[in-house]
Amino acid sequence: MRGILGWGVHLPYRRLDRTAIAAVAGTGGGTGTRAVASYDEDTTTMAVAAARAALHPEGPGNGASADRPKLPDTIRTLWLTTTTPAYQDRTNATAVHAALRLPRTTAAYDATGAVRSTTAALDAALSGTGTHLVVASDLRTGRPGSADESAGGDAAAALLIGEGTPETPVLAELLAHTSTTEEFLDRWRTPGDQASKTWEDRFGETRYTTLATEAWNALLAATPTATASTTTPDAIDILLIAGTHERAVKSVLKKTGVPAARHHDPFTKTVGTTGAAHPALLLASALEVARPGQTIALLVLADGADAFLWRTTQALAAHRPARPVADQLAAAGSVPYGRYLAWRGFLPVEPPRRPEPARTSASAAARAADWKFALVGTESADGTTVHLPPSAFDAAPHPAASTEGTIVTFTVDRLAYSPSPPVVFAVVDFDGGGRLPIELTDVDADEVAIGLRVEATFRRLSTADGIHNYFWKARPVRSPGRRPVRSADPEQETR
């Protein structure tokens, strides 16, 4: 039996209220919100967050003391799929590979450029042998006031695929996968363009409806039941439809014959359509609410149509995912439209008048890869002292990326260079040892306080000469039921 062994999702903390768009852009907008990646996030950092959640289902602060990910020595391939890679002409998945501390024998590949890249990587993982990690991460944008800007969203989701073992059983087995392909021009973006262009809606709707219907009928025919030669639409418990063409998604939903009540929330009103990440995001969310023995159908509309049919196993009842989608939807903060435009480069703003960062040294980064990409310090031979950053005089590595910490002191710096000032810098005592001065993110300056509980998060510190400087920041722990501890003293800010 081959199928899904685990999953992880990362939704950025910030949400853009669509009603704020038209007042500035003069057009566009709508109702609801869309997820917005912060200025220090890209598809690589979001992929790291989602992949860590897939490999650490216990989550940070809940027993994840050992920083080695689950199944590290048996993962044969890491796939990173996206339409907006942080780099071209080099493999972005290697940074994710380093952050996860995967073995050198685990291959890391990119599948980039098209929304359909995710189904291609998923098909490769399901068709092969061994364990594979598929991480889909996308950052969707569009010109100010456009439909793509409003309907899009940023997110990442990871799926761990394999045969399963008693320790890591299959949670959802694949029953069938069918596909249809046809060349037609629906959306496109030439290299260097910041936003995509689309053809007239009705044309894409007719092509996608035909292709999806063919893939859907083939899927039902490929999965006969004990009492019928095909699976009937009534036998589908949860239906997922992912696609960037909104009219086509609605049309295909009617053609499937599955009752509308079984159509899973597509997150169009809360997150937006997350492009290459959306199939994995919907699948992960459905698994979090499914019961053992249920069937889940996934239709993906992207330059053709792909249809997957899954059946959940009894092992799903005991699985507890890290950072459930519902929790991440509930823990969100707003971002003004002007700041969103600045983060996306549509509204250049005056930066702090301080020198910009120098480019990162490639040789120095290679020498300190475990520290830089995986936040691994060291501890003394007797285990009493932890050093962050690592010390050459210590005896053993000390992974700290999955460890929470407490703010000892902090400063709000309104002069230091940042694409989104002010910079909030804190000294954090990590649980289990180690004190580190570290930049905070996903937080407003007036939220910070001594005693605030934080967790590490992989981010992009700066970009110079086209080189992204990745390292770790800290952000408040926002899990429901584990609210951050704050001091009541309002005079804690130091300058």
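As the structure is a prediction and not an experimental result, all values here were calculated from the model.

A few words on the overall build of the protein. Looking only at helices and strands, the protein has 12 helices and 22 strands in total. Each of the 495 residues in the protein was classed as buried or not, and the buried ones make up 53%. Once local pairs closer than 6 in sequence are excluded, the contacts in the protein between residues at least 24 apart make up 71%. With the model as given, the accessible surface of the protein reaches about 20900 Å², and the carbon-plus-sulfur share is 53%.

One can describe the packing of helix H2 (residues 43–55) onto helix H3 (residues 93–100) by two numbers: an axis separation of 9 Å at closest approach and a directional angle of 40°. Here H3 runs oblique to H2, going by the angle between their axes. The crossing of H2 and H3 is right-handed. On H3, the residues touching Thr44, Ala47, Val48, Ala51, Arg52 and Leu55 of H2 are Ala95, Val96, Ala99 and Leu100. Its residues assigned to classes, the contact of H2 with H3 comprises eight nonpolar, one polar and one charged.

Glancing now at the sheet that holds strand E14 (residues 333–334). What the three strands build is an open sheet, ordered E3-E2-E14; its pairing is mixed. On the outer flanks of this sheet lie strand E3 (33–36) and E14, each paired with one strand and no other. Bridging between strand E2 (residues 14–17) and E14 involves two bridges; their strand directions are parallel. From the neighbouring strand, Arg15 faces E14, where its bridge partner is Ser334.

Quick look at the side chain of Arg14 now. When you line up the elements, Arg14 lands in strand E2. Look at Arg14 and you get buried, because its relative accessible area is 9%.

So, on to the sheet that holds strand E16 (residues 386–387). The sheet built from three strands is open, its strands ordered E16-E15-E17 with antiparallel pairing. Only two strands of the sheet have a single partner each, and these edge strands are E16 and strand E17 (396–399). Note that strand E15 (residues 376–379) and E16 share two bridges and pair antiparallel. Residue pairing across strands places Thr378 opposite His387, the latter belonging to E16.

All right, on to empty space enclosed by the protein then. Using the criterion set out here, one finds three cavities of 30 Å³ or more in the structure. Along its surface, the second largest cavity is lined by Val115, Ala242, Gly243, Thr244, Thr273, Gly275, His278, Pro279, Val300, Leu301 and Ala302. Tallied by class, residues from the lining of the second largest cavity come to six nonpolar, five polar and no charged.

Attention shifts here to the environment of Asn92. Relative to the assigned elements, Asn92 resides in the loop between strand E4 (75–82) and H3. Take Asn92: its relative accessible area is 3%, and that puts it in the buried class. Counting along the chain gives 236 residues from Asn92 to Gln328, while the straight-line C-alpha distance between them is 25 Å. Side-chain polar atoms of Asn92 contact the backbone nitrogen of Ala86, separated by 3.5 Å.

A few words now on helix H7 (residues 246–256). Among the residues of H7, Ala248, Val249, Ser251, Val252, Leu253 and Thr256 are the ones counted as buried. Of the residues flanking the end of H7, it is Gly257, one or two places downstream, whose phi is positive at about 80°.

Moving on: the nonpolar core. If you look at the biggest cluster of nonpolar residues, it comprises 54 residues, and the most contacted ones within it are Leu78, Val96, Leu133, Val135, Leu375, Ile407 and Leu440. With seven residues, the single largest contributor to this core is H2. In contact with Leu133, not counting residues within four places along its chain, are Ala51, Ala54, Leu55, Ile75, Thr77, Leu78, Trp79, Leu100, Ala158, Leu159 and Leu160. Among the nonpolar cores identified, the runner-up in size contains 40 residues, and Ile4, Ala35, Ala280 and Leu283 belong to it.

Bringing H3 into the picture now. H3 sits mainly inside the fold: six of its eight residues count as buried. Among the residues making up H3, those that are buried are Ala93, Ala95, Val96, His97, Ala99 and Leu100. Buried residues in H3 make contact with H2, E4, strand E5 (107–112), strand E6 (131–138) and helix H12 (369–374). Just downstream of H3, Arg101 is the residue with a positive phi angle, here 60°.

A few words on the confidence of the model for the protein. On average, residues of the protein score 92 in pLDDT, and 94% of them are at 70 or above. Within the model, pLDDT remains below 50 along residues 62–69, and this stretch shows 19 contacts once partners closer than five positions in the same chain are excluded. Across residues 487–495, confidence stays below pLDDT 50; counting only partners more than four residues off in sequence or on other chains, it has 14 contacts.

On to the pairing of strand E19 (residues 423–430), then. Note that strand E18 (residues 404–413) and E19 share eight bridges and pair antiparallel. Across the sheet, Phe410 pairs through a bridge with Ala426, a residue of E19. As judged from the five bridges shared by E19 and strand E20 (residues 435–439), these two strands associate in the antiparallel manner. Along E20, the bridge assignment pairs Asp429 with Arg435. The antiparallel pairing of E19 with E20 creates a hairpin that spans four residues between the two strands, and Gly432 there sits at a positive phi of about 90°.

Where two aromatic rings form a pair, the distance of their centres and the angle of their planes describe that pair. Scanning the model with the defined rule gives 11 aromatic pairs in all. Measuring from centroid to centroid gives 5.8 Å for Tyr39 and Trp343, while their planes differ by 50°, and the two rings are tilted. Taken together, the residues span a long stretch of sequence, with Tyr39 in the loop between E3 and H2 and Trp343 in helix H10 (residues 337–343) at a distance of 304 residues. Neither residue differs from the other here; Tyr39 and Trp343 are each classed as buried. Both rings, one in Trp371 and one in Phe471, keep their centres 5.4 Å apart while their planes meet at 55°; by these two values the pair is tilted. Linking Trp371 in helix H12 with Phe471 in strand E22 (residues 467–476), this pair joins segments that are 100 residues apart in sequence. For the pair Trp371 and Phe471, a shared accessibility class is recorded, and that class is buried. Feature note: the residues Phe373, Phe458, Tyr470 and Trp472 constitute an aromatic cluster, connected by ring pairs. Over the ring of Tyr87 we find Arg90, and its NZ or CZ is 5.1 Å from the ring centre. For Lys372, the ring lying beneath its charged end belongs to Phe373, and the centroid distance is 5.7 Å.

What counts as what
- Residues numbered from 1 in each chain as written.
- Predicted model: local features only at pLDDT ≥ 70, side-chain atom pairs only at ≥ 80, totals over all residues.
- Heavy atoms only, no water.
- Helix = DSSP H or I, 4+ residues; strand = E, 2+ residues; numbered from the N terminus.
- Buried < 20%, exposed > 50% of the residue type's maximum accessible area, 1.4 Å probe, protein only.
- Contact = heavy atoms within 4.5 Å.
- Areas by Shrake-Rupley, 256 points an atom, 1.4 Å probe, with all protein chains shown as cover.
- Axes fitted to C-alpha atoms, helices over the stretch in contact; angles between N-to-C directions.
- Parallel < 35°, antiparallel > 145°, perpendicular 65-115°, else oblique.
- Left-handed = near helix turned anticlockwise from the far one by under 90°.
- Nonpolar A, V, L, I, M, F, W, Y, C, P; charged D, E, K, R; others polar.
- Pairing = 2+ DSSP bridges.
- 1 Å grid on protein atoms, 1.4 Å probe; cavity = no way out; pocket = protein on both sides within 12 Å on 5 of 7 lines; lining within 4 Å.
- Points joined across faces, edges and corners; volume = space filled by probe spheres on them.
- Polar contact = N/O pair within 3.5 Å; in protein donor to acceptor, adjacent residues only side chain to side chain.
- Core = buried A, V, L, I, M, F, W, Y, C linked by side-chain atoms within 4.5 Å.
- pLDDT = per-residue confidence, 0-100.
- Phe/Tyr/Trp six-rings, centres within 6.5 Å; stacked < 30°, edge-to-face > 60°.
- Lys NZ or Arg CZ within 6 Å of the ring centre and 35° of its normal.

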